[in-house]
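# Descriptive analysis of the structure
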Amino acid sequence: MPAQTGTCHAQLIACAGLITFLVLLYPPFVNAGNANMNDPAKSCQPMQPGWLFCEDFEYGNLSAWEPHNPGGSLELLPAEDKLDQEGNTALRVRVPPGRSGKGLRKKFKMNDYKVLHARWYVKYEPGFDFSARNHGHGFRAGDPWSPGSGHRPKGDDYFSVRFEHLIEADTNRPVNYLYVYYRGMQMDCSDPEGACWGDHFPCMIDEDYYCTNEKYRETVLPPVLEHDRWYCVELMADAGTPVDNRKDADGSLDFRVDGRQIGPWEDLWLRTHADVRLNSFWLGLFHHDEHSKEGMMFDDVVISTQRIGCGNGPVHNQ
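Cut-off values and rules
- Residues numbered from 1 in each chain as written.
- Predicted model: local features only at pLDDT ≥ 70, side-chain atom pairs only at ≥ 80, totals over all residues.
- Heavy atoms only, no water.
- Helix = DSSP H or I, 4+ residues; strand = E, 2+ residues; numbered from the N terminus.
- Buried < 20%, exposed > 50% of the residue type's maximum accessible area, 1.4 Å probe, protein only.
- Core = buried A, V, L, I, M, F, W, Y, C linked by side-chain atoms within 4.5 Å.
- Contact = heavy atoms within 4.5 Å.
- Phe/Tyr/Trp six-rings, centres within 6.5 Å; stacked < 30°, edge-to-face > 60°.
- Lys NZ or Arg CZ within 6 Å of the ring centre and 35° of its normal.
- Salt bridge = Lys/Arg side-chain N within 4 Å of Asp/Glu carboxyl O.
- Pairing = 2+ DSSP bridges.

## Observations concerning unusual backbone geometry
Each neighbour pair has its own omega, and for Gln45 with Pro46 the value is -5 degrees, a cis peptide bond. Here Pro46 is to be found in the loop between helix 2 (27-31) and strand 1 (51-55). Cis rather than trans, the peptide bond between Gly263 and Pro264 has omega equal to 5 degrees. Structurally, Pro264 is set in the loop between strand 16 (260-261) and strand 17 (265-268). Even without glycine at this site, Asp228 takes up a positive phi of about 60 degrees. Classification of Asp228 by relative accessible area gives partly exposed; the value is 45%.

See the structure below:
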């Protein structure tokens, strides 16, 4: 018995040393479910069923992400105004002057998915220029290097879903929408076999040229955006069945802002091949030309196989 007791003690000491080593070397290891659950700023605790990734920016580094685009700035700053969370930290993204972008990418290297949900909080800094032409953040499926702007995907290569903002034509005020490149895109295609730019969901540009399909127009107007205010954003992408024609397509997209559902948009022809599956999430901002120096703040990013909701508890789909 004494010999067995000594062996047991030695194993405990070794395990404790290994855990300490992992925590010090890999802060994201803590993000996966070992942080102080009494700290409201650490909103990744506890991890909920279906969660694949959670980032609350409370560990002083961005090691769980891949940096995307040089220049600009990614800063972790105090953000106690978000839900009155004392000691809370958030990510600020600012883009270099002129045509440029800045952000982070999370690649799901162990698997890829037909359906994914994302939830994050976003705030536009005071002075942020909503009118500057931009591209936002969201999911990508398939090949990360396929041609993007101006090219319709073939269906066996990729599709992308980005959460963006524009000045809505009727109200002349900033709102959110989805900007999507996919096999069935058709709103801004000057030549069916040539140049194409992304579809808008909901389509709020006009009713005669771009937004000719009524089922893609807005039925619920997204909230008017304001500076210096936190918004909870939820995004869903379902790649649908890989088919070789638009008629049989069943892909779908949806998003919510502060719980207000803006979609869904269904029967979308997102892919033709089963290998085109959701495999990465991009967080950041791109500007086409001149823009304000002020940027965006992000916090509490979650990627999941089911809807997340605007909080840490379980949520029921509406």
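There's plenty left to go through after this.
## A look at the side chain of Arg256
As for its placement among the helices and strands, Arg256 is situated in strand 15 (residues 251-257). Classification of Arg256 as buried rests on a relative accessible area of 9%.

## Overview of the nonpolar core
In terms of nonpolar packing, the biggest core is built from 62 residues, with Trp120, Leu178, Phe201 and Leu253 touching the most fellow members. For Leu253, the residues in contact, after removing those within four places along its chain, are Val161, Leu178, Val180, Phe201, Met236, Ala237, Pro264, Trp265, Leu268 and Leu270.

## Re the packing of aromatic side chains
For the structure on display, the rule yields 16 aromatic pairs. A ring pair is formed by Phe163 and Phe255, whose centres lie 5.5 Å apart and whose planes are at 80 degrees; its orientation type is edge-to-face. Note that Phe163 is positioned in strand 9 (residues 158-167) and Phe255 in strand 15, a separation of 92 residues in sequence. For the pair Phe163 and Phe255, one class covers both residues: buried. Here a set of aromatic residues connected by ring pairs shows up, and it is made of Trp120, Phe139, Phe163, Tyr182, Phe201, Tyr216, Phe255, Trp265 and Phe281. Taking NZ or CZ as reference, Arg162 lies 4.9 Å from the ring centre of Trp282, over its face.

## What to know about the pattern of salt bridges
Counting across every chain of the model gives 13 salt bridges. Here Asp238 and Lys114 are joined by a salt bridge, their closest N and O atoms 2.7 Å apart. With Asp238 in strand 14 (residues 230-238) and Lys114 in the loop between strand 5 (100-107) and strand 6 (115-124), the pair connects residues that are 124 residues apart, well separated along the chain. Looking at Asp238, the relative accessible area reads 15%, which means it is buried. Put simply, Lys247 and Asp248 hold a salt bridge, and the shortest N to O gap is 3.2 Å. What makes Lys247 exposed here is its relative accessible area of 72%. On the accessibility criterion, Asp248 (41% relative accessible area) is partly exposed. The network of salt bridges with shared partners includes Glu75, Arg92, Arg94 and Glu125.

## Focus on the pairing of strand 8 (residues 137-142)
Burial analysis of strand 8 places six of its six residues in the buried class, which makes it a mostly covered element. As paired elements, strand 8 and strand 9 share six bridges and run antiparallel to each other. Across the sheet, the residue bridging to His137 is Phe163, located in strand 9. Bridging between strand 8 and strand 18 (residues 278-287) involves four bridges; their strand directions are antiparallel. Bridge pairing in strand 18 links Gly138 to Trp282.

## A look at the side chain of Glu294
Tracing the backbone shows Glu294 in the loop between strand 18 and strand 19 (296-304). Residues in contact with Glu294, not counting those within four places in the same chain, are Arg94, Glu125, Pro126, Gly127 and Phe128.

## Examining the environment of Cys203
Its location among the elements puts Cys203 in the loop between strand 13 (199-201) and strand 14. Counting along the chain gives 16 residues from Cys203 to Thr219, while the straight-line C-alpha distance between them is 10.0 Å. Leaving out residues up to four positions away in the same chain, Cys203 has contacts with Met187, Tyr210, Cys211, Tyr216, Arg217 and Glu218.

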